[in-house]
Each structure stands twice: as structure tokens, then as C-alpha cells.
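Listed here are the chains, written in short residue letters.
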Amino acid sequence: MAKKIIILGATGSVGECALKIISQFPDRFHLVAFSYHKNHEKAQKIAREFNVKYVACTGDQAPKILGDAIHCLPQMEGLLEEEYDLLLNAVVGAAGVRATYKALEQKKTILLANKESLVVGGELFLSKGFSLQDLILPVDSEHSSLFRLLKKNNSFRSLTITASGGPFRHSSEEEIKNASLQAVLRHPTWEMGAKITVDSAGMINKALEIMEAHYLFSVPYKSLSAVVHPQSYVHAIVELHDGTYIFHASEPDMLYPVSYALFYPEEPPFLRPRRNIAELGTLEFLPVDKRRYPGFYLGLEAAQKGGYYPALFNAANEEAVSLFLDGKIRFYEIPHYVEKTLEEAPLRYDGMDVETLFEIDSWARHKVRELLKR
Ligand code: NDP
Ligand code: MG
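Below or above, wherever it landed, is the structure these notes cover. This is a predicted model, so every value here is computed, not measured.

Re the site of ligand 1
Among the 26 residues in the neighbourhood of ligand 1, the closest are listed as Thr11, Lys38, Asn39, Glu116 and Gly193. Within the backbone of glycine 12, an N or O atom sits 3.2 Å from an oxygen atom of ligand 1. Valine 91 has a polar backbone atom sitting 3.4 Å from an oxygen atom of ligand 1. Coverage of ligand 1 by the protein chains reaches 85% of its 890 Å² of free accessible surface.

Structural notes on the coordination of the magnesium ion (ligand 2)
Distances from the magnesium ion (ligand 2) to its protein donors, Asp140 (OD), Glu142 (OE) and Glu209 (OE), fall at 2.1 to 2.2 Å. Taken in chain order, the donor set of the magnesium ion (ligand 2) reads D-x1-E-x66-E. Linking glutamate 142 in helix H6 (residues 141-152) with glutamate 209 in helix H10 (residues 204-217), this pair joins segments that are 67 residues apart in sequence. The class of glutamate 142 is buried, set by a relative accessible area of 6%. A relative accessible area of 1% places glutamate 209 in the buried class.

Quick look at unusual backbone geometry
Omega for the bond connecting tyrosine 264 with proline 265 falls within 30 degrees of zero, at 10 degrees, which places this linkage in the cis form. Among the structural elements, proline 265 can be located in the loop between helix H11 (255-263) and helix H12 (294-305). Of note, serine 218 is a non-glycine position whose phi angle comes to about 55 degrees, a positive value. With relative accessibility at 56%, the residue serine 218 sits in the exposed group. Located in the positive-phi region is serine 232, a residue other than glycine, with phi close to 50 degrees. In this fold, serine 232 is placed in the loop between strand S9 (224-228) and strand S10 (234-239).

Focus on the sheet that holds S10
Taken in spatial order, the 4 strands line up as S9-S8-S10-S11 in an open sheet, and their pairing is mixed. The two strands at the open ends of the sheet, each matched to only one other strand, are S9 and strand S11 (245-249). Mean inter-strand twist for the sheet, computed between neighbouring axes without regard to direction, equals 20 degrees. Here strand S8 (residues 158-163) runs beside S10; their pairing, made up of 4 bridges, is antiparallel. Paired with serine 158 across the two strands is glutamate 239, which belongs to S10.

Thresholds applied
Residues numbered from 1 in each chain as written. Chains lettered and ligands numbered in written order. Predicted model: local features only at pLDDT ≥ 70, side-chain atom pairs only at ≥ 80, totals over all residues. Heavy atoms only, no water. Near = heavy atom within 4 Å. Polar contact = N/O pair within 3.5 Å; in protein donor to acceptor, adjacent residues only side chain to side chain. Areas by Shrake-Rupley, 256 points an atom, 1.4 Å probe, with all protein chains shown as cover. Donors = N, O, S within 2.8 Å, 3.2 Å for Na, K, Ca; no water. Helix = DSSP H or I, 4+ residues; strand = E, 2+ residues; numbered from the N terminus. Buried < 20%, exposed > 50% of the residue type's maximum accessible area, 1.4 Å probe, protein only. Pairing = 2+ DSSP bridges. Axes fitted to C-alpha atoms, helices over the stretch in contact; angles between N-to-C directions.

Structure, rendered in C-alpha cells:
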């Protein structure tokens, strides 16, 4: 029987990758519903190709373009009322948190690309007693690698995830200050949506991923670290108690983690030719430079503080990235806006609740806009 799958963010980069695999294995997967934000043309193509009847359009107007045969919902959580086996959450940003929350309540299997779900909602999900390791299959490549390694080695000393270092790993501070939008969006190894590409250029993405790993695998921050690995060939490393390491590696292609999660617990099929190992050349591993990647260290501080700080960090970053993409601030200013917002936050922590979580999210976005006006 084909598994019934819902994809949130089907028009995005991860969504597209999943649809490619699903279309190759129609006897294994059946797309029952999907969401998108603004890309009506692409949504129409997907709805036709996969003969989907339920679509959520979260952006501007529910469009006529999809036709009368398709039920259009304004919110993606509404799709989760359909009968389904797997949810792929590939939406970008904190917009994905509520859907993950609902699917966890339903005890469904969630294929999670939307790392912001765990950064923002991790503390909340744990407070609700959700068993994240049983319900979530990571799609983020580093976490997919960790998941595979930890399945065979559940006792370890530390976990390390890798980062390409983005397009500025050899740039001077002056060059980073003058970085254009095109330069920031030119990622050296991965092809991804705009927001995560900006996050990767300043390594804020890696801070988010450290938080993602912390909640997902229930590992203390002192046992989690990141290294710059420009070749993006090794994705994660487990250090065992005897001081030896196990690496997990592949070409930098989301086909691997997406298909692993889709086919789990079966082994995924062979999907693409890989390079001969003898042609790989040099693999480098380097520390994360504090001057080049201040946003990474800000993220680690917010992570350590816990409570509402990860959500605050995430929202401030989302807003600052969006200002950068709109040409309103420079790339190097993103961490400044995030830092100022963190400093000025009037945070008290008396336990986690969902309304306060989203109030804090809105407060941070508003604060960043206010800082822009100053
Ligand atoms: P994209 O920008 O390519 O796609 C984002 C998807 O979310 C699109 O379908 C978009 O719709 C939709 N969307 C945008 N804004 C909203 C909103 N406010 N509410 C609801 N839906 C929205 O992103 P990626 O596919 O690159 O990334 C998706 C998630 O996966 C992110 O959390 C990212 O960090 C994570 N991830 C991505 C990887 C990658 O290789 N791309 C790797 C690892 C993790 P529309 O197209 O209609 O605007
Ligand atoms: Mg990643």
C-alpha cells in the first residue's frame, strides 16, 4: 500500500526534491495534500501532476488559478484533518511550528526539514512530553547523518555537525561588510531556498542546527559542536568513548536525507551516481572563526540560556534576514539586529506556554523593525 503523505512547503527546494522521489515511486507514496505560500503557478503544476484535491495557500489570495476541483484552505494545519501517514514539513521559518505541534499531538510520523519547528518549539514539545525521537525523522542533512550514526551507536562522548562556511569563508571582514545580495546567495556547495542560504553564509544556520540537534537527540550543549568543512562531504561525526570517531558522508545533495526519511525504516534505493572516492581530494576541518561568524556564537548563547531565548533569536534573525533580502540592511548587520533584540528583550520565564511563545516571536519581529527606524 502506498503511504499517504502531506507536504508543507511543496513549492520549495526541499519540497521539490521530495516530489521528485515521490513521482519515481508512485506505488510507495501518494501525495494527498500540500501547502505553498505564493508560487501559484508551481502549485498548480504540482496539483495537476499528482492529482491533489486539498491544498493550503498561506500567502496572499486564495487563487482562482487552482480551479474549482481543488479545495483551498488558508492554513496548512487544516490539511492535517485529512487521512495521512507521513507529514513532510518543508516550510521555511517559524511559520512551520504550529503544524509540527499538531502532528505531534496526532502522534504522526513527521519528516522534518523545518528546523525552526524545533528551535522555536523544542522546549514546548518537551514540556508536553512528546517523544520527539520516536515521531520525528530528520531531513536536515546533518541530523539525518546523526540519526543514522546514532541508530548504531547510542552511547557516545560528543556529536559534531559540519558547515561549509558559506561563500565568505576566505573573505576579509572588509569584503563581508561590502557583500552584495548575489554574493551572499551564491552558496558554494548546497542549492537551497533564500532564507537558509543567507543563514548559512553567516553560519546562523549552524547555530539553529545545534539547537535542532539538542532537542531532537536530547543531547546537552556541552556535547554538541560544529566545524567548518568546506567540501560538505562529511555531514556529521560521532565521537565514541574510546576517543575514536565515526563519520557519515555523501555528496551534498538533499536527495539522500529526503529519501532516507521517506523510505524509513527500509533502506532507501540507490538514487544518484556518486563520485569515485579517489577523486575527492583533500577534506578539511576547521574551527568556526568568531570574527567571521558572530551570528553563530550569538545563537549558541541564546541556546544555552534556553527558555524563550531560542525563539527570540530565531524570530529576530528571520526578520533581519527578510530586511536584508529586501535590500533594507547589509548582510553583516543581521547579527547586530539579532544581538540588540536579544539584549532588549523583557524576558521572564515561568514555564513554557504556546501563547507566550508566539507573543515573543511577534515582539522580536516588531523590535527589529523598530531598530531599523532608529
Ligand atoms: P524554500 O524557500 O525553497 O521553500 C520554502 C517553502 O515554504 C515554499 O513552499 C514556500 O512557498 C513556503 N513558505 C514560504 N513562506 C511561508 C510562510 N510564511 N508560511 C508558509 N509557507 C511558507 O526553502 P527550503 O526548501 O530551502 O527550506 C525549507 C526548510 O527546510 C527550511 O526550514 C530550511 O531551513 C530547511 N532545510 C532546507 C535545506 C535545503 O537544502 N533547501 C536543507 C536542510 C534544511 P512558496 O514557494 O509558494 O513561496
Ligand atoms: Mg543542514
